Amino acid sequence: MSIFSAINASGTGLSTMRSWLDVLANNIANVNTVKPTSGPAFQASYLEVSEISDNGSGSGGGVEVTDLRKSDPAGRLTYLPSSPLADANGYVRLPDIDMGEQMGNLIMAQRGFQANAAVVDRARDVYEAAINIGKNR
Amino acid sequence: MTVPAIGAISAALPVLPALPNSGATAAASTGGGNFANLLSKGLNAVQSAQDKADSLAVKAATGDLTDIHDYTIAATQASLVTELATAIRTKGIDAFNQIMGMQA
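Residues numbered from 1 in each chain as written. Chains lettered and ligands numbered in written order. Predicted model: local features only at pLDDT ≥ 70, side-chain atom pairs only at ≥ 80, totals over all residues. Heavy atoms only, no water.

A.B. asks: I'd like to hear about a negative patch on the surface, residue by residue, with values.
C.D. replies: A cluster of acidic side chains, namely Asp72(A), Asp96(A), Asp98(A) and Glu101(A), defines a negative patch on the protein surface. Structurally, Asp98(A) can be placed in the loop between strand E5 (91–94) and helix H2 (99–131). (Patch = residues over 30% accessible without salt bridge, like charges linked within 9 Å, V, L, I, M, F, W, Y side chains within 5 Å. Areas by Shrake-Rupley, 256 points an atom, 1.4 Å probe, with all protein chains shown as cover. Salt bridge = Lys/Arg side-chain N within 4 Å of Asp/Glu carboxyl O. Lys, Arg positive; Asp, Glu negative; His and termini not counted. Charge placed at Lys NZ, Arg CZ, Asp CG, Glu CD. Helix = DSSP H or I, 4+ residues; strand = E, 2+ residues; numbered from the N terminus.)

See the structure below:
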């Protein structure tokens, strides 16, 4: 545990939320990506995160991204005969992405980032208060 | 940017360790020179925090910075550590001045 544990833990939170934001941006960008039925559909990414252990010293070390999970490669079989990627029966694969879910997660990532940034600011104020003890005599 | 200002403070700081080494630790060498060790250790921590912030500032300028908050957090820590060092220096000088002002 360093003297800036709170700031360091929030920093890992900020990094995780940023990774989440990146992944969600990619998912939303590819919401209409069409793939031929011969291959897998675009697979949405989901982060798997876990806490960072602080070797039993108590306050914990923050959070980290441990894995990147992919959604179902089958996607949604869609009848789209006008597409140049359509197979003989006129089907293509669209990604199985729920836009509402992605937008909800996006707001959670944004608010999570802001919350961690607020913790950094508050922690800074706290440490500064500690430094200023006894300054105004 | 804030970093040059922090660097300027650090340029002034390393003068400090000479103070306890010259007289105080020689007189109180049985105590192990704890204050001097702590002081130089603290100043090294200040230096490393500022080095980290500096290298991240360079990364930001060259476009190699992947996480913006990495730099802002490092800069915050560097400024806090510098503030702490100057606070300790002020306290030390206050104590020294009080002792120098003692009269029988």
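A.B. asks: So, the interface of chain B and chain A: which residues are in play, and what are the values?
C.D. replies: Facing the 16 residues of chain B at the interface are 17 residues of chain A. In total, chain B and chain A occlude about 1400 Å² of area from one another, counting both sides; carbon and sulfur atoms represent 60% of this. The tally of links from chain B across to chain A stands at two salt bridges. Residues Arg18(A) and Asp67(B) are paired through a salt bridge, measuring 2.5 Å at the closest nitrogen-oxygen approach. For the interface between chain B and chain A, the tally reads five residue pairs in polar contact (both at pLDDT 80 or more). (Contact = heavy atoms within 4.5 Å. Buried area = accessible area lost by both parts, 1.4 Å probe. Polar contact = N/O pair within 3.5 Å; in protein donor to acceptor, adjacent residues only side chain to side chain.)

A.B. asks: How would you summarise the side chain of Thr16(A) if you had to cite specific residues and measurements?
C.D. replies: Residues and elements named next belong to chain A. Locating Thr16 in the fold gives a position in helix H1 (residues 5–29). Under the relative-accessibility criterion, Thr16 is labelled buried at 8%. Apart from residues lying up to four places away in sequence, Thr16 is in contact with Leu47, Val49, Val63, Glu64 and Val65. (Buried < 20%, exposed > 50% of the residue type's maximum accessible area, 1.4 Å probe, protein only.)

A.B. asks: Describe the environment of Asp54(B), listing the residues and the values that go with them.
C.D. replies: Tracing the backbone through its elements, the reader meets Asp54(B) in helix H3 (residues 34–62). Along the backbone, Asp54(B) and Ala78(B) are 24 residues apart, and their C-alpha atoms lie at a distance of 9.5 Å.

A.B. asks: Lay out the nonpolar core in plain terms, naming residues and giving numbers.
C.D. replies: Membership of the largest hydrophobic core comes to 13 residues, with the highest contact counts inside it found for Phe4(A), Ile7(A), Val120(A), Tyr127(A), Ile73(B) and Leu80(B). Those elements that provide at least two residues to this core are H1 and H2 of chain A together with helix H4 (68–100) of chain B. Here this core gets five residues from one element, more than from any other, and that element is H4(B). Residue contacts for Ile7(A): discarding those within four places in its chain leaves Val120(A), Ala123(A), Tyr127(A), Ile73(B), Thr76(B), Gln77(B) and Leu80(B). Formed by eight residues, the second largest nonpolar core is a distinct cluster that contains Ala49(B), Leu56(B), Ala75(B) and Ala78(B). (Core = buried A, V, L, I, M, F, W, Y, C linked by side-chain atoms within 4.5 Å.)

A.B. asks: Report on the side chain of Asp67(B), specifying residues and quantitative values.
C.D. replies: The topology assignment puts Asp67(B) in the loop between H3 and H4. Of the residues examined, Asp67(B) reaches a relative accessible area of 11% and is grouped as buried. A polar side-chain atom of Asp67(B) sits 2.5 Å from a polar atom in the side chain of Arg18(A). Those residues within four positions of Asp67(B) in sequence are excluded, and the remaining contacts are Ser15(A) and Arg18(A).

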